[in-house]
Amino acid sequence: MVTIVGIGPGNKKFITPYALEKIKKADVLVGGRRHLKEFEDVNCEKSVINASTDYQHILNKKGNIVILASGEPSLYGITEVILEYVDESQLEIVPGISSIQYMCAKLKMTMNDLTVVSLHGRSEDLVKKVKENKKVVIFTDKAHTPQFIAALLKKANLQDRKIHVGENLSYDNERIYSFTVEELLNCSKKFDLNVVVITCGNI
Ligand SMILES: C[S@@+](CC[C@H](N)C(=O)[O-])C[C@H]1O[C@@H](n2cnc3c(N)ncnc32)[C@H](O)[C@@H]1O
């Protein structure tokens, strides 16, 4: 049996009791180094995943295979990869709190009419999404930084938007910033793990 477990934005406080129960019962715990480190006390085989992981090899292992996924596993997460290898009847998905849900809660912003874009290892037409929607949330990566996004908005003449950056959400070093497009362009800070929210008007 394979279980994908959403472990929330990072801090263990945000893992559901059911997800923890599943992790404790794992025979093989699979995840990124950052995530496995949180469960060093779980006494089972550990398997680190990275860009060159042979998923078939891991999924052929015996027993309860539990895959740790950040945030909500099915929102631009590992679910789409695992579905290529595992039959749905052999798979359970335990939902988790997405970094996006967490960020919206911090901004006291409803998620009604929210548009989600991922620039994490993929490209999407962000400018089109921002022109068409008042609330756009973006998963970023090392190439698609908050400043990269500000530059895109400036080029598209969308300087009236506000850009909020949620960094290291739920961790002790969490920071939430709000910028105008111009302020962010002039900001030299190198942001750590982050999500970006673009709003229009008084949202
Ligand atoms: C592959 S996506 C997975 C998102 C995940 N499924 C979710 O629901 O949060 C990874 C991206 O999520 C965002 N992210 C995940 N955890 C975060 C955190 N604790 N603080 C800020 N951003 C986070 C970052 O943009 C990161 O590059």
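Residues numbered from 1 in each chain as written. Predicted model: local features only at pLDDT ≥ 70, side-chain atom pairs only at ≥ 80, totals over all residues. Heavy atoms only, no water.

**So, the pattern of salt bridges**
Taken as a whole, this structure holds 10 salt bridges when the rule is applied. Here E132 ties to K128 by a salt bridge, and the two come within 3.4 Å at their closest N and O atoms. On the criterion of helical spacing, the pair formed by E132 and K128 is a turn pair, its members being four residues apart in helix α6 (residues 126–132). Of the charged contacts, one joins R161 and D160 as a salt bridge, the two residues approaching to 2.8 Å between their closest N and O atoms. (Salt bridge = Lys/Arg side-chain N within 4 Å of Asp/Glu carboxyl O. Helix = DSSP H or I, 4+ residues; strand = E, 2+ residues; numbered from the N terminus.)

**A few points about the sheet that holds strand β3 (residues 45–48)**
Taken together, five strands build an open sheet; the order of strands is β3-β2-β4-β1-β5 and the sheet is parallel. Each edge of the sheet is formed by a strand with only one pairing partner; in this case those strands are β3 and β5 (91–94). Averaged over neighbouring strand pairs, the angle between their axes works out to 20° when direction is ignored. (Pairing = 2+ DSSP bridges. Axes fitted to C-alpha atoms, helices over the stretch in contact; angles between N-to-C directions.)

**Let's talk about the sheet that holds strand β7 (residues 135–139)**
Pairing within the open sheet is mixed, and its five strands lie in the order β6-β7-β10-β8-β9. Two strands lie at the open edges of the sheet, namely β6 (115–118) and β9 (175–180), each paired on one side alone. Averaged over all pairs of adjacent strands, the angle between their axes in this sheet comes to 20°, without regard to strand direction. Taken strand by strand, helix α7 (residues 146–155) contacts β7, β8 (162–167) and β10 (194–199), and its axis lies near 25° from that of β10. (Contact = heavy atoms within 4.5 Å.)

**Thoughts on the domain arrangement of the chain**
The domain architecture assigned to the chain consists of domain 1 (2–97) and domain 2 (100–199). One C-alpha centre belongs to domain 1, the other to domain 2; they are set 27 Å apart. Each partner contributes to the interface: domain 1 provides 11 residues, whereas domain 2 provides 12 residues. Buried surface at the junction of domain 1 and domain 2, both sides included, amounts to about 970 Å², of which 57% is carbon and sulfur. It is P9, L75 and Y76 in domain 1 that bury the most area against domain 2; as a group they hold 49% of the surface buried on that side. One can count one salt bridge joining domain 1 with domain 2. (Domains from an automatic or database assignment. Buried area = accessible area lost by both parts, 1.4 Å probe.)

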